[in-house]
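A structural walkthrough
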Amino acid sequence: MSKLLSISLSFVVLLQSFGVSLCDVSQIDEFIEHAQFHSEQYGDNVFVFISKHYGELKATHDKEHQEEKEDHEQLPFQHQSHFSSATAFVLIAYKEHFKSFEISEYKSHNFFYQAPSSSLHSEGILQPPRHS
């Protein structure tokens, strides 16, 4: 079962790396129906159909057949997406020699301990840990 899962996930990653999404796979039936329509209506074979919808004849076909615009939008691989990621690593050699510094003898403490005045502390519920 784990082999089947890993093979199917690998296949999904492969398809996504080519730009094929699950939406495109689900639109294959629209592709076949529209290819059959072109075969019956215009006498196009598969290569001419692909050229009219994805190749060099696409611009002229779209211009001449505006009534099929909704059908063309339903075909797979019509989406255009772009994803880019830029990562930069800049290594700067920054060396600064430490300068001598002085240690002052003046010590001022800004803290003090005040014994708790709550009854919970006196009963022993909220006592701080003790060294044993």
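About the cut-offs
Residues numbered from 1 in each chain as written. Predicted model: local features only at pLDDT ≥ 70, side-chain atom pairs only at ≥ 80, totals over all residues. Heavy atoms only, no water. Patch = residues over 30% accessible without salt bridge, like charges linked within 9 Å, V, L, I, M, F, W, Y side chains within 5 Å. Areas by Shrake-Rupley, 256 points an atom, 1.4 Å probe, with all protein chains shown as cover. Salt bridge = Lys/Arg side-chain N within 4 Å of Asp/Glu carboxyl O. Helix = DSSP H or I, 4+ residues; strand = E, 2+ residues; numbered from the N terminus. Buried < 20%, exposed > 50% of the residue type's maximum accessible area, 1.4 Å probe, protein only. Phe/Tyr/Trp six-rings, centres within 6.5 Å; stacked < 30°, edge-to-face > 60°. Lys, Arg positive; Asp, Glu negative; His and termini not counted. Charge placed at Lys NZ, Arg CZ, Asp CG, Glu CD.

1. Notes on a nonpolar patch on the surface
Together, Val25, Ile28, Ile32 and Phe77 give the surface a local cluster of nonpolar side chains, amounting to about 320 Å² of exposed area. Assignment of secondary structure puts Val25 in helix H2 (residues 22-26). The class for Val25 is partly exposed, based on a relative accessible area of 43%.

2. Section: the packing of aromatic side chains
The geometry of an aromatic ring pair is captured by the separation of the ring centres together with the interplanar angle, meaning the angle of the planes. This structure, assessed with the given rule, holds three aromatic pairs. Taking the centre distance of 5.2 Å and the plane angle of 65 degrees together, the rings of Phe31 and Phe49 count as edge-to-face. Placement of Phe31 in helix H3 (residues 28-42) and of Phe49 in helix H4 (residues 46-54) is noted, with a sequence separation of 18 residues between them. Judged by its relative accessible area of 21%, Phe31 is partly exposed. Look at Phe37 and Tyr42: their rings are 6.2 Å apart centre to centre, the planes differ by 85 degrees, and that puts the pair in the edge-to-face class. Of the residues examined, Tyr42 reaches a relative accessible area of 31% and is grouped as partly exposed. Within the aromatic cluster, the residues linked to one another by ring pairs are Phe31, Phe49 and Tyr54.

3. Some remarks on a negative patch on the surface
A contiguous patch of negative charge on the surface is contributed by Asp29, Glu30, Glu33, Glu70, Asp71 and Glu73. Elements with a minimum of two residues in the negative patch: H3 and helix H6 (69-73).

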